[in-house]
Amino acid sequence: MPRFYVTTPIYYVNDVPHVGHAYATVNADALARWHRLLGDDVFFLTGTDEHGVKVAQSAEEHGSDPPAWTERTSGRFVDAWKALEVSNDDFIRTSEPRHHRAVQAFLQRIYDNGFIETGTYSGWYCVGCEAYKDESELLEGHVCAEHHRPAQWLEEENYFFKLSAFQDRLVEWYESNPEAVRPEGKRNEALAFIKGGLHDISITRTSTRWGVEVPWDPAHVFYVWYDALVNYITAIGFGEDEARFEGWWPAVHHLIGKEILRFHCVWWPAMCMAAGIEPPAHVFVHGWLLVGGSRLSKTRIRQAAEAAEAAVGPAGDAGEGGGKPVKLTEITPAALTDDFGVDAIRYHLLRDTPLGTDGEFSYEGITARYNADLANNLGNLVSRVATVVGSKCGGVGPAPDAASRLGPESAAVVARAVAAWDRLAPHEALEATWHLIRETNAELEATEPWKADPGPVVDGVLGSALEALRIVAVLASPAMPGVCGEIWRRLGLPGRPDEVVVPEALAWGGYPGGMPVEKGAPLFPRRRA
Ligand code: MSP
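Residues numbered from 1 in each chain as written. Predicted model: local features only at pLDDT ≥ 70, side-chain atom pairs only at ≥ 80, totals over all residues. Heavy atoms only, no water.

> Help me get a handle on the nonpolar core, residues and values and all.
Counting 94 residues, the largest nonpolar core has W81, L378, W434, M480 and F524 as the members making the most contacts within it. Residue contributions to this core peak at 13 residues, all from helix α15 (residues 363-393). Not counting residues up to four positions away in its chain, the partners in contact with F524 are Y370, L374, A375, L378, G379, M480 and V483. Grouped together as the second largest cluster of nonpolar side chains are 74 residues, F43, L198, W225 and V266 included. (Core = buried A, V, L, I, M, F, W, Y, C linked by side-chain atoms within 4.5 Å. Buried < 20%, exposed > 50% of the residue type's maximum accessible area, 1.4 Å probe, protein only. Helix = DSSP H or I, 4+ residues; strand = E, 2+ residues; numbered from the N terminus. Contact = heavy atoms within 4.5 Å.)

This is the structure we're talking about:
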């Protein structure tokens with residue numbers, strides 16, 4: 001059975017889950033769900049990144065300690081993903097003992113292989129980024145451009161990873177694995193960075209105890225990024241269950257945002273090489289969801305809230321009428337799903353921002369997509385077909401017409417959708433699926449079964465529309481598992497649309513006929529624009 005291992009980055013617990021995180025996680029989830037439909041053995045991993053100075057500080061600020069604080073903050077991600085029907089097979093927390101053991105085993109190997117040595121590090125460190133910054137990356141007064149806070153000058157005696165030793169091997173590896181980083185522009189970016197020259201990196205800290213202890217020198221803990229990347233192999237049994245590890249590695253698909261490309265496409269493969277394992281086979285780099293042109297992040301939300309407060313007084317009075325900063329703070333996945341429903345938000349995230357590009361996030365955008373694709377097209381088709389089956393066929397769904405023009409349309413759509421998922425292009429797979437919905441609506445409008453007398457012609461038209469809906473329910477299920485399950489049930493079909501195997505189950509003619517069709521309430525009531 002083919003295997004599909006997909007990961008999201010692990011999220012910093014200092015952030016509250018926002019719609020940008022949801023974008024990344026829902027895309028990984030849809031890919032995992034698609035591969036389960038293909039019959040693959042799937043392992044889908046997400047989790048939280050919990051170590052480092054910033055988290056320890058935050059625990060203290062909240063009158064807590066790091067274990068209790070991360071238990072709570074990590075739980076916010078667990079809850080957010082549950083509410084969004086994310087089907088992860090595991091949720092890794094870097095504070096877990098299994099992760100500490102894996103990091104220690106992995107890094108001990110790198111140390112034994114001679115790729116870690118001592119040195120003194122000095123530089124400008126931004127606690128917000130948890131990273132040393134080059135002078136060129138800082139604004140005047142050594143202020144971090146991302147966090148708008150001054151960086152601190154730090155000097156540390158610590159351990160260095162000999163990243164520079166891997167420059168040639170990395171270039172060679174990327175040249176012989178052209179598909180390792182996608183889209184191609186991002187692969188070129190990684191290669192250019194490597195060819196530009198690699199410096200050794202400082203990988204341990206003595207400034208905090210909240211981390212994974214360095215096994216050969218317990219006064220140090222590993223630097224957060226160095227520990228976080230290892231999560232991808234912890235969860236599949238590295239160091240503890242070799243057979244399991246080898247079953248999943250290196251054929252992984254890491255889905256990452258564009259700002260963490262260097263960590264994943266330069267450091268991580270080099271770390272793997274240093275430890276004597278294969279680098280990850282696939283890294284797919286996606287863009288950002290933007291609000292008014294800026295990336296959505298806690299820092300931005302806080303800045304916006306502070307700016308609003310400074311302008312109009314304490315929060316709460318700050319723009320009842322929906323001023324922009326107030327809107328930003330509302331963009332949690334929960335606020336959106338309460339408003340539009342889980343399926344509609346998932347659909348919007350997958351349909352409107354192709355993986356690989358940036359996308360603008362707005363309520364107007366969600367509403368427009370909701371009305372056009374969900375209320376007017378899919379919702380309308382479901383209720384129209386069920387109504388006419390009620391009036392012309394006594395509520396019993398007829399079998400499809402083998403010669404319907406929707407048969408070849410559907411075959412072409414299935415082929416496009418399969419190819420699009422394979423290219424990690426959920427937006428195209430959904431676009432293809434909606435073509436079938438539109439064609440089915442058009443076919444009903446052309447034949448007007450509601451005006452005709454009951455009989456074989458009407459049966460053929462309605463049976464074909466039901467069959468198209470059956471196929472749509474399967475194709476759209478990775479995006480909208482809940483609603484597709486409901487459509488399936490209303491068509492009178494047993495089981496669930498995500499229990500079938502594609503593409504076999506999508507051959508024209510699968511709707512058996514003779515099933516009770518239920519009208520039900522509108523799936524997507526139209527919203528005011
Ligand atoms: N903890 C590190 C990752 C370690 S992985 C070994 C981290 N965490 S993060 O919480 O800041 O970001 C996690 C992911 O969320 C990144 O891939 C990032 O691109 C993504 N997103 C955060 N904001 C986003 C948007 N506004 N839009 C899309 N994705 C965004 O980095």
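> Tell me about the site of the ligand, residues and numbers included.
Near the ligand there are 25 residues, and of these I10, D49, G257, E259 and L289 occur at the shortest range. One of the backbone N or O atoms of I10 is found 2.8 Å from a nitrogen atom in the ligand. For the ligand, an oxygen atom lies 2.8 Å from a polar atom in the backbone of G257. In the complex, 97% of the free accessible area of the ligand, which totals 660 Å², lies under the protein chains. Elements with a minimum of two residues in the shell around the ligand: β2 (11-12), α1 (19-37), α7 (224-228), α8 (231-234) and β14 (252-257). Sort the elements by how many residues they give to the shell around the ligand and α1 lands first, with 3 residues. Classifying every residue of the shell around the ligand gives 14 nonpolar, 8 polar and 3 charged. (Near = heavy atom within 4 Å. Polar contact = N/O pair within 3.5 Å; in protein donor to acceptor, adjacent residues only side chain to side chain. Areas by Shrake-Rupley, 256 points an atom, 1.4 Å probe, with all protein chains shown as cover. Nonpolar A, V, L, I, M, F, W, Y, C, P; charged D, E, K, R; others polar.)

> Tell me about helix α6 (residues 184-195), and name the residues and values.
With 12 residues, α6 should reach 16 Å at 1.5 Å per residue; the first-to-last C-alpha distance of 16 Å fits that figure. The set of residues buried in α6 consists of K186, R187, A190, L191 and I194. For α6, the buried positions fall inside an angular range of 140° around the axis, keeping them on one side. Residues of α6 that are buried make contact with α5 (167-176), β10 (181-182), α10 (261-275) and β15 (282-286). Positive phi shows up at G197, right after α6, with a value of about 110°. (Expected span 1.5 Å × (residues − 1). Arc of directions from axis to C-beta.)

> Can you break down the packing of aromatic side chains residue by residue, with the values?
Under the defined criterion, the tally for this structure stands at 32 aromatic pairs. Aromatic side chains W124 and W153 sit 5.3 Å apart centroid to centroid with 70° between the ring planes, which places their arrangement in the edge-to-face category. On the criterion of sequence distance, the pair formed by W124 in strand β5 (residues 116-126) and W153 in strand β9 (residues 152-161) is long-range, its members being 29 residues apart. Here the aromatic rings of Y232 and W268 are separated by 6.2 Å at their centres, their planes lie at 55°, and the arrangement is tilted. Of this pair, Y232 sits in helix α8 while W268 sits in helix α10, and the two are 36 residues apart along the sequence. Take Y232: its relative accessible area is 2%, and that puts it in the buried class. (Phe/Tyr/Trp six-rings, centres within 6.5 Å; stacked < 30°, edge-to-face > 60°.)

> Tell me what's going on with the side chain of S404, and back it up with residues and numbers.
Secondary-structure assignment places S404 in the loop between β19 (396-397) and α16 (406-422). Taking relative accessible area as the criterion, S404 reaches 8% and is therefore assigned buried. A polar atom in the side chain of S404 sits 3.0 Å from the backbone nitrogen of L406. Every residue in contact with S404, bar those within four places of it in the chain, is listed here: S464 and W508.

> Just give me the short version of α16, but keep the residues and values in it.
Its 17 residues give α16 an end-to-end C-alpha distance of 24 Å, which sits within 8% of 24 Å, the value for a rise of 1.5 Å per residue. Within the sequence span of α16, burial applies to L406, G407, S410, V413, V414, A417, A420 and W421. Looking down the long axis of α16, one finds its buried residues gathered within 150° of arc, a one-sided arrangement. Opposite the buried face of α16, by more than 90 degrees, sit the exposed residues P408 and D422. Here the buried face of α16 lies against α1, α17 (426-447) and α18 (456-475).

> Before we move on, can you summarise the sheet that holds β9 with the specific residues and values?
Pairing between the strands of a sheet comes from backbone hydrogen bonds, and it takes one of two forms, parallel or antiparallel. Taken in spatial order, the 4 strands line up as β6-β5-β9-β11 in an open sheet, and their pairing is antiparallel. Two strands bound the open sheet, and with one partner strand each, they are β6 (131-133) and β11 (201-202). As defined by bridge partners, β5 adjoins β6 across 3 bridges and the pair is classed as antiparallel. When the bridges of β6 are listed, Y125 appears paired with Y132. (Pairing = 2+ DSSP bridges.)

> With reference to specific residues and values, describe the pairing of β5.
Relative to β9, β5 is paired through 10 bridges, and the arrangement is antiparallel. Along β9, the bridge assignment pairs T120 with E157.

> Tell me about the pattern of salt bridges, and please be specific about residues and values.
One pass over the full model with this rule turns up 28 salt bridges. The closest approach of N and O atoms between E409 and R405, which form a salt bridge, is 3.5 Å. Relative accessible area serves as the criterion here: at 23%, E409 is assigned to the partly exposed category. Exposure remark for R405: the relative accessible area of 34% places this residue in the partly exposed category. One salt-bridge network, in which partners are shared between bridges, spans R405, E409, E439 and E443. (Salt bridge = Lys/Arg side-chain N within 4 Å of Asp/Glu carboxyl O.)

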